[in-house]
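Fold and geometry: a report
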Amino acid sequence: MQKKHGRAFPVLKTASLLILCAALTAVVFARSSQSGAVSAPAVPESPRPPETASAPSSPAFTTAPAGTPEQESEGSPTPAPTPSPEPEPEYFTISMVGDCTLAEAKTRRGWTSYFQDVVKTNYAYPFENTKSYFEDDYLTIANLECVLSEKYAGYPSYAPYDSIEQFVFLAPAAYAKILSEGSVEFATLANNHTMDFGQNAYNDTVAALGAEGIACAGENETYLYRTDDGLKIGIYCLYNRLTGNALSIQSEAARTQLVSESRDMIRAAAESLRAEGAEYLIACLHMGQEGSYETSDIQVNICRSSIDSGFDLVYCSHSHRLQPAEEYGGGMIFYGLGNWIFGGNNNPGYGTDPAAYDTVIAQVTVCRKGSEVRLDGVRIIPCSISSSVSPDSASLSANSLNDYRPTPYTRGGAAWERTMSILRGEYAGSNYVPNYGDVLAQMNG
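Here goes a summary of the coordinates provided. This one's a predicted model, so the numbers in the text were calculated from it and none came from an experiment. (Residues numbered from 1 in each chain as written. Predicted model: local features only at pLDDT ≥ 70, side-chain atom pairs only at ≥ 80, totals over all residues. Heavy atoms only, no water.)

In this structure, Arg 321 sits in the loop between β13 (313-317) and β14 (325-328). This buried residue, Arg 321, is left without a salt bridge; Asp 353 holds the nearest opposite charge, at 4.1 Å. In terms of polar contacts, Arg 321 uses its side chain to reach the side chain of Tyr 293, at 3.3 Å. The residues contacting Arg 321, other than those within four sequence positions of it, are Gly 291, Ser 292, Tyr 293, Gly 336, Gly 338, Gly 349, Asp 353, Ala 356 and Tyr 432. (Helix = DSSP H or I, 4+ residues; strand = E, 2+ residues; numbered from the N terminus. Buried < 20%, exposed > 50% of the residue type's maximum accessible area, 1.4 Å probe, protein only. Lys, Arg positive; Asp, Glu negative; His and termini not counted. Salt bridge = Lys/Arg side-chain N within 4 Å of Asp/Glu carboxyl O. Polar contact = N/O pair within 3.5 Å; in protein donor to acceptor, adjacent residues only side chain to side chain. Contact = heavy atoms within 4.5 Å.)

Another point: the packing of aromatic side chains. Under the definition given, this model contains twelve aromatic pairs. When the ring of Tyr 123 is compared with that of Tyr 175, the centres are 6.0 Å apart and the planes differ by 75 degrees; the resulting orientation is edge-to-face. Here the residue Tyr 123 occupies a position in the loop between α2 (114-119) and β5 (139-144), and Tyr 175 occupies one in the loop between β7 (168-171) and α3 (176-181), the gap between them amounting to 52 residues. Centroid distance Tyr 138 to Tyr 225: 5.6 Å. Interplanar angle 85 degrees. Geometry classified as edge-to-face. Placement of Tyr 138 in the loop between α2 and β5 and of Tyr 225 in strand β10 (residues 221-225) is noted, with a sequence separation of 87 residues between them. An identical accessibility class is assigned to Tyr 138 and Tyr 225; each is buried. (Phe/Tyr/Trp six-rings, centres within 6.5 Å; stacked < 30°, edge-to-face > 60°.)

What follows covers the sheet that holds strand β12 (residues 280-288). Taking strand neighbours across the sheet as the criterion, the six strands line up as β10-β11-β12-β13-β15-β14 in an open arrangement whose pairing is mixed. Looking at strand neighbours, the two that pair on one side only are β10 and β14, the edges of this open sheet. The average undirected angle you get between the axes of adjacent strands in this sheet is 20 degrees. Alignment of strand β11 (residues 233-243) against β12, held across eight bridges, turns out to be parallel. Within β12, the position partnered with Leu 242 by the bridge is Met 287. The sheet strands contacting helix α6 (residues 252-275) are β10, β11 and β12, and the helix crosses β11 at an angle near 170 degrees. (Pairing = 2+ DSSP bridges. Axes fitted to C-alpha atoms, helices over the stretch in contact; angles between N-to-C directions.)

Attention now moves to α6. Compared with the 34 Å implied by 1.5 Å per residue over 24 residues, the 35 Å span of α6 between its first and last C-alpha is a close match. Of the residues making up α6, those classed as buried are Leu 258, Val 259, Ser 262, Ile 266, Ala 269, Ala 270 and Leu 273. For α6, the secondary structure elements touched by its buried residues are β10, β11, α5 (244-248), β12 and α7 (297-308). Gly 277 occupies a position one or two residues after α6 and carries a positive phi of about 95 degrees. (Expected span 1.5 Å × (residues − 1).)

To continue, consider unusual backbone geometry. Although it is not a glycine, Asn 220 adopts a positive phi angle of roughly 55 degrees. Positionally, Asn 220 belongs in the loop between β9 (215-217) and β10. Even without being a glycine, Arg 241 presents a positive backbone phi close to 55 degrees. Checked against the element boundaries, Arg 241 lands in strand β11. Of the residues examined, Arg 241 reaches a relative accessible area of 38% and is grouped as partly exposed.

In total, this model carries 13 salt bridges according to the counting rule given. The partner of Lys 369 in a salt bridge is Glu 86, and the shortest N-O contact between them spans 3.5 Å. Of this pair, Lys 369 sits in strand β17 (residues 358-369) while Glu 86 sits in the loop between α1 (69-73) and β2 (90-101), and the two are 283 residues apart along the sequence. Of the charged contacts, one joins Glu 426 and Arg 424 as a salt bridge, the two residues approaching to 3.1 Å between their closest N and O atoms. According to the relative accessible area criterion, Arg 424 is buried, its value standing at 17%. If you follow the salt bridges from partner to partner, you end up with Glu 90, Glu 279 and Arg 368 in one network.

Below you can see the structure in the form of structure tokens.
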């Protein structure tokens, strides 16, 4: 059995085996081409059944107690050896969702409050339609892309913030309860918004999460997660300005050096986590091109390198659009899970791009049998980031505003099929190209 809450280096929970074939389940592995495009046939939905126990090939022998010399000379019978018991397989489900931006954007144009106007203090509201998928898993991971602090709410403009971003995101510290109400245990803070208000506000964010029992790690940090005698999971978080915008203002030589440095950092983190006893390794990387449904060559390079370096699972964020997934080298890569609870825009897609609402709950089940740990299955639950969107529609109304409450799509419906096509790298919709004005010039200065 797995249980959800408690203490685990420092958060604690156990988990029960999650049945992988459900009404909203689809399994997909997609294989990337050398150019970064991803396409491959889907894998059958049902995971492999647990292995049947078999006798060990080299049973351990016990030594009989020595008798008297006379007994030994007479050839005392040797008791039959007792074979070591075959270890029972254990299963651990890890869930992942995309960007959780628990605030509306604060910009040079002033302040808005769409997200807080909808959510108010109803902290259970955002996960209301999906919490059941996370309650009984072993670990749920989200990317928290905002600041949780009370200290900066009075600022009327962009200027006082220690940020190069055009949009900055500030939420009340109490909004950490949204994640705890949603049964999230870990938040990665390695992204381009958790430092929007400087180090003190970042510290407030960490404290707010800690008060809710939510573990976290920031830029180039590792974390060991374990509950009781459960699976010991090593998590590594990295941003390192690997996003498309940040890379676009660098020379080719600088980009090459950054990629090389990032690969070295990831490799060192994997070695460190293994040395600390981690049995399963997850890399949380903040990278890719915002608004794109496609992977970039640099994404594919770094994510595959992460698997080659010893990570078992790569979870990417930043694109604000769902991106392909693939099985590679015995591990899984999710190149971008898009948005989950996205307060940054109350009308993503602007009435013309329904895929802007597409997201998924990605779940992997890991089997531990003795000292062997392996991926046992993958479960995908296609969802909309908003309950205002029809669960099976291929179109989007201009008036279908984001209500910040993710909701599963109807299995087999048009929206469900579109979401799965994105994961397979088959989606032909247009990418969104945001306009950041002079922000890149500021970054370059």
